[in-house]
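# Close look at the chain arrangement
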Amino acid sequence: MAEDFSVKFTDKQYLPDPSVKKNSWIGDYQKAYNAFIKDPDSFWDKNASELHWFSPYSKVKEWNFPHARWFPDGKTNIAYNCLDRQVQNARRNKVALIWKGEEDTERIYTYRQLYREVMRMANGLKKLGVVKGDRVCIYMPMVPEQIISMLACARIGAVHSVVFGGFGAAALHSRITGAEAKVVITADVTFRRGKSIPLKHIIEEAIIDAPSVEHVVVLRRELHQPVEIHREMEVDFYDLIKDVSPDCEAEVMDAEDPLFILYTSGSTGAPKGIVHTCGGYMVGAYYTTKNVFDIKDNDVYWCTADPGWITGHSYVVYGPLMNGATIIITEGTPDYPDAGSYWRIVEDFGVTILYTAPTAIRMFMKMGEDWPDKSNLSSLRILGSVGEPLNPEAFEWYYRVIGNNRCPVVDTWWQTETGMHMITTMIGEPMYPGFAGKPIPGVVADVVDKDGKPVPHGTGGFLVLKEPWPSMFRAVFKDPERYQKYWDTIPGYYTVGDLAVKNKQGYIMVLGRSDDLIVVAGHNIGTAEVESALVSHKAVAEAAVIGKPDDVKGNVIKAFVILRLGHEPSDRLKNEILYHVRITLGPIAMPSEIEFVTSLPKTRSGKIMRRVLKAKEMGMDPGDISTIED
Ligand code: PRX
């Protein structure tokens, strides 16, 4: 791993208008941060007390490194805090959710309507025998029923495991069997670029040899040609909730009961089931949504992520709904039917807070300023970014072209494991392009060397988190060793796996992963998962993949493949192997390039040295190769 390298950057700074800070929830960053440091438990208690608890907690946390319990004897329910709390007050008839599909289709739910649908679905799940603690896999496109299903699970204490609808059968299978899901909720199709893409056959394949699955609930969207329902184990989504009672009390959950599992790619082996709990996650998602996005009652909030990722969990569904916001979700792609589609949505719905990914911003930069210029973007107030470094050029374009030099940009650094934002530039503070910012009030983070000593500004090092936070993951599902590993790498701290650097002002720039993960268009792809998909093709003997920098996606995947005897390299075989990965793992994990090779650089213990492949690919010095086998 790299260490003690110097990083060059400029001191260029953008100063927001003073009114931003004056009118914000957080007020002065430093004051808020000092209050937190002085008394962390009171800080979190104050934030937690803004939510509903069926019975209050008697202490804020118990911390036995590396295991935390937050609000340990408190009882609550996150779905109650998203819905019941809102329908009991002036937000009952406020719009909770606007869904925009392709071809101008639209559906709108008020808080009351969403509440009723969630209760019906909760009763539907109960009818299938789902009880508190059971796992439910949700494999759906971005439709309101995806969110309704998540909230229904949370309402009855079932643990949801949402799997991104773009994953293929093998990726879905390992996530279903890993979580031992009892029920899978899916849809017949997803719509993309004017076409319907079938999903149900992927589920049918994924549940072969998945003995835990008792039922599959299918949302049928193709009304002209409805897919067949196999009655023994399948049930239509709306049939399931047709005759159920419209009332369903929220289950009283212990704060430390699991709320959901979300699989994320690991640097080695199978994907990791990150476990989040009811109370701590709830407080973290609520507090950050309120303060980082400065959400107010008249905001129209649009986060473009899919609930298949943590961003969708915390900042499409739970955080905004707990704050009583009006949220927008869209099923379409940003450049369909043309590159103006996002900006028309901003104008049409009067979006005030937009939260998207650098890969989308860079794609829009490429398409030119004419597209955003066609729409009136003056409703925008705050711009957010997440998933990978927001490079200075992309920051400046976002700030100038989309925000008209007036909207603060919050580049939020965090992870599936952290559950909530950890580092950003709180609104009202000076912004340094390329730097995500400082630890938010509630978080203690630093850049250190491999022994845990802080490195001076300008010197690169490892990003670590030094103190527990409420929405920290509590476990890797059924894999305590992998949980422990996060805390053993740099003694005493949580090692996040990213390299970073600080400037004189203490702002942190995240440079990228220090391990074998490739971030493609903001999605973590484990090299191990792609390599094993490649090797599962009959012509492939061995494979290694690396990330290659890409202007738009941040990185793309390049694969080096050794063929089995009897197979000759050809373009046709390349395409066949690529197609195989695409259907196994899904389009996001598909390499953009394959090179056939006859050997791979390995250590004597047989570990593939990906950094050597990468250095060669980029025309760089491969560094220390003393451990290379041949
Ligand atoms: O490498 C960092 C990058 O994404 C990783 C976490 O990925 P995941 O668990 O899938 O969660 C993504 C959404 C929170 C991090 O370790 N990352 C995330 N946000 C940023 C980032 N890198 C730089 N800047 C960010 N704002």
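One numbering rule holds for all chains: residues counted from 1, following each sequence as written. Totals for whole chains, interfaces and linings use every residue, but because this is a predicted model, local features are given only for residues with pLDDT of at least 70 and side-chain atom pairs only at 80 or more, for both listing and counting. Computation of side-chain values: all heavy atoms of the structure, hydrogens and water removed.

Below, the discussion takes up the packing of aromatic side chains. The criterion for an aromatic pair is that two Phe, Tyr or Trp rings (for Trp, the six-membered ring) have centres within 6.5 Å, with stacked assigned to planes under 30 degrees apart, edge-to-face to planes over 60 apart and tilted to the rest. Tallied over the full model, the rule gives 42 aromatic pairs. Centroid distance Trp 44 to Trp 70: 6.3 Å. Interplanar angle 80 degrees. Geometry classified as edge-to-face. Here Trp 44 is found in helix H3 (residues 40–48), whereas its partner Trp 70 is found in strand S2 (residues 67–70), with 26 residues between them in sequence. For the pair Trp 44 and Trp 70, one class covers both residues: buried. Here the aromatic rings of Tyr 432 and Tyr 507 are separated by 4.6 Å at their centres, their planes lie at 70 degrees, and the arrangement is edge-to-face. With Tyr 432 in the loop between strand S21 (423–424) and strand S22 (438–439) and Tyr 507 in the loop between strand S26 (494–502) and strand S27 (508–513), this pair connects stretches of sequence that are 75 residues apart. To sort residues, take the accessible area from a 1.4 Å probe on protein chains only and compare it with the maximum for the residue type: under 20% means buried, over 50% means exposed, and anything in between is partly exposed. With relative accessibility at 5%, the residue Tyr 432 sits in the buried group. We call a charge positioned over a ring when the NZ of a Lys or the CZ of an Arg lies within 6 Å of the ring centre and within 35 degrees of the ring normal. Just above the ring of Trp 25 sits the side chain of Lys 290; from NZ or CZ to the centre is 4.3 Å. Strands are runs of DSSP state E lasting at least two residues, helices are runs of H or I lasting at least four, and both sets are numbered from the N terminus onward.

Here we come to the site of the ligand. The criterion for a residue being near a molecule or strand is simple. One of its heavy atoms has to lie within 4 Å of it. Taken together, 16 residues lie near the ligand, and Asp 411, Thr 412, Thr 416, Asp 498 and Arg 513 sit nearest. Whenever a nitrogen or oxygen atom comes within 3.5 Å of another N or O atom, the pair is scored as a polar contact, on the condition that within protein one atom can donate a hydrogen and the other can accept it, and that pairs from neighbouring residues in sequence are kept only if both atoms are in side chains. Between the ligand and the protein, one listed contact pairs a nitrogen atom with a backbone N or O atom of Glu 388 at 3.3 Å. Within the contact set of the ligand, a nitrogen atom lies 2.7 Å away from a backbone nitrogen or oxygen of Thr 412. Looking at the shell around the ligand, the elements with two or more residues in it are helix H11 (310–322), strand S20 (409–412) and S27. Throughout, the ten residues Ala, Val, Leu, Ile, Met, Phe, Trp, Tyr, Cys and Pro are labelled nonpolar, Asp, Glu, Lys and Arg are labelled charged, and all others, Gly among them, are labelled polar. Partitioned by chemical class, the residues of the shell around the ligand number six nonpolar, six polar and four charged.

Here, a strand pair is defined by DSSP locating no fewer than two bridges between the strands. For strand S4 (residues 95–100) and strand S5 (residues 106–110), the ladder comprises five bridges, and the chain directions are antiparallel. Each residue of the ladder has a partner; that of Lys 100, found in S5, is Glu 106. Counting the residues in the hairpin turn of S4 and S5 gives five residues, including Glu 103, whose phi is positive at 55 degrees.

Before going further, it helps to examine the side chain of Thr 412. On the secondary structure map, Thr 412 appears in strand S20. We classify Thr 412 as buried; its relative accessible area is 3%. At 2.9 Å, the side chain of Thr 412 and the backbone oxygen of Ser 385 are in polar contact. Here, residues are in contact when the closest pair of their heavy atoms is within 4.5 Å. Filtering out sequence-adjacent residues up to four positions away, Thr 412 remains in contact with Val 292, Tyr 355, Ser 385, Val 386, His 421, Ile 423 and Thr 424.

What follows deals with the pattern of salt bridges. Think of a salt bridge as a Lys or Arg side-chain nitrogen and an Asp or Glu carboxyl oxygen that are within 4 Å of each other. A complete count under the given rule lists 41 salt bridges for this structure. Ionic pairing is found between Lys 12 and Glu 396, a salt bridge with its closest N-O pair at 3.2 Å. Here Lys 12, found in the segment before helix H1 (18–22), pairs with Glu 396, found in helix H15 (residues 392–402); they are 384 residues apart in sequence, far enough to count as distant. You can call Glu 396 partly exposed: its relative accessible area is 24%. Between Arg 91 and Asp 297 there is a salt bridge, and its shortest N-O distance comes to 3.0 Å. Highlighted residues: Arg 91 in the loop between helix H4 (78–87) and S4 and Asp 297 in the loop between helix H10 (278–292) and strand S16 (300–303), separated in sequence by 206 residues.

One covalent bond between the sulfur atoms of two cysteine residues makes up a disulfide. Note that a disulfide, as used here, is simply two cysteine sulfur atoms within 2.5 Å. Evaluation of the coordinates by the stated rule reveals zero disulfides. Lacking any disulfide linkage, Cys 407 is separated from the closest cysteine sulfur, that of Cys 303, by 17 Å. Taking the relative accessible area as the measure of exposure, Cys 407 reaches 0% and is therefore buried.

Before going further, it helps to spend a moment on the sheet that holds strand S19 (residues 382–386). Read across the open sheet, the seven strands follow the order S5-S4-S17-S16-S18-S19-S20; overall the sheet is mixed. At either end of the open sheet lies a strand with only one pairing partner, and these are S5 and S20. Each strand axis lies, on average, 15 degrees off the axis of its neighbour in the sheet, ignoring direction. Relative to S20, S19 is paired through four bridges, and the arrangement is parallel. Each bridged residue has a counterpart across the sheet, and for Gly 384 the counterpart in S20 is Val 410. Contacting S4 and S5, helix H5 (residues 111–127) runs over the sheet at an angle of about 90 degrees to S5. Inter-axis angles, ranging from 0 to 180 degrees, are taken between N-to-C directions of lines fitted to C-alpha atoms, where helices are fitted over the stretch in contact. The strands that H15 touches are strand S18 (353–356), S19 and S20; relative to S19, the one it contacts most, it runs at about 155 degrees.

The peptide bond linking Phe 65 to Pro 66 adopts the cis configuration, its omega dihedral lying at -5 degrees. Tracing the sequence through the fold places Pro 66 in the loop between strand S1 (61–64) and S2. The residue after Tyr 336, namely Pro 337, is reached through a cis peptide bond having omega -5 degrees. Along the chain, Pro 337 turns up in the loop between strand S17 (326–330) and helix H12 (341–349). Positive phi outside glycine occurs at Arg 193, with the angle close to 50 degrees. Although it is not a glycine, Asp 294 sits at a positive phi angle of roughly 55 degrees. Locating Asp 294 in the fold gives a position in the loop between H10 and S16.

Right, let's get into the environment of Ser 24. Take Ser 24: it is sitting in the loop between H1 and helix H2 (29–38). On the accessibility criterion, Ser 24 (11% relative accessible area) is buried. In this structure the side chain of Ser 24 is engaged in a polar contact, spanning 3.0 Å, whose partner is the backbone nitrogen of Gly 27.

Bringing the nonpolar core into the picture now. Note on soluble globular proteins: their nonpolar side chains tend to be buried together. In terms of nonpolar packing, the biggest core is built from 168 residues, with Leu 151 and Tyr 318 touching the most fellow members. Sequence-distant contacts of Leu 151, defined by excluding residues within four places in its chain, comprise Ala 79, Cys 82, Leu 83, Leu 114, Val 118, Val 317, Tyr 318 and Leu 321. By convention a nonpolar core is built from buried Ala, Val, Leu, Ile, Met, Phe, Trp, Tyr and Cys residues, the set being connected through side-chain atoms within 4.5 Å.

Often, the extent of an interface is quoted as the loss of accessible area upon association of its parts. Here the limits of each domain have been adopted from an automatic or database domain assignment. When cut into domains, the chain gives domain 1 (5–64 + 71–77 + 257–512), domain 2 (79–251) and domain 3 (517–618). Of the residues lining the interface, eight residues belong to domain 2; the matching set on domain 3 comes to seven residues. Across the contact surface, domain 2 and domain 3 share one salt bridge. Residue Arg 175 is joined to Glu 529 by a salt bridge in which the shortest nitrogen-to-oxygen separation is 3.2 Å. Seen at the junction of domain 2 and domain 3, the total is five residue pairs in polar contact (both at pLDDT 80 or more). Split by residue class, the side of domain 2 that touches domain 3 holds five nonpolar, two polar and one charged.

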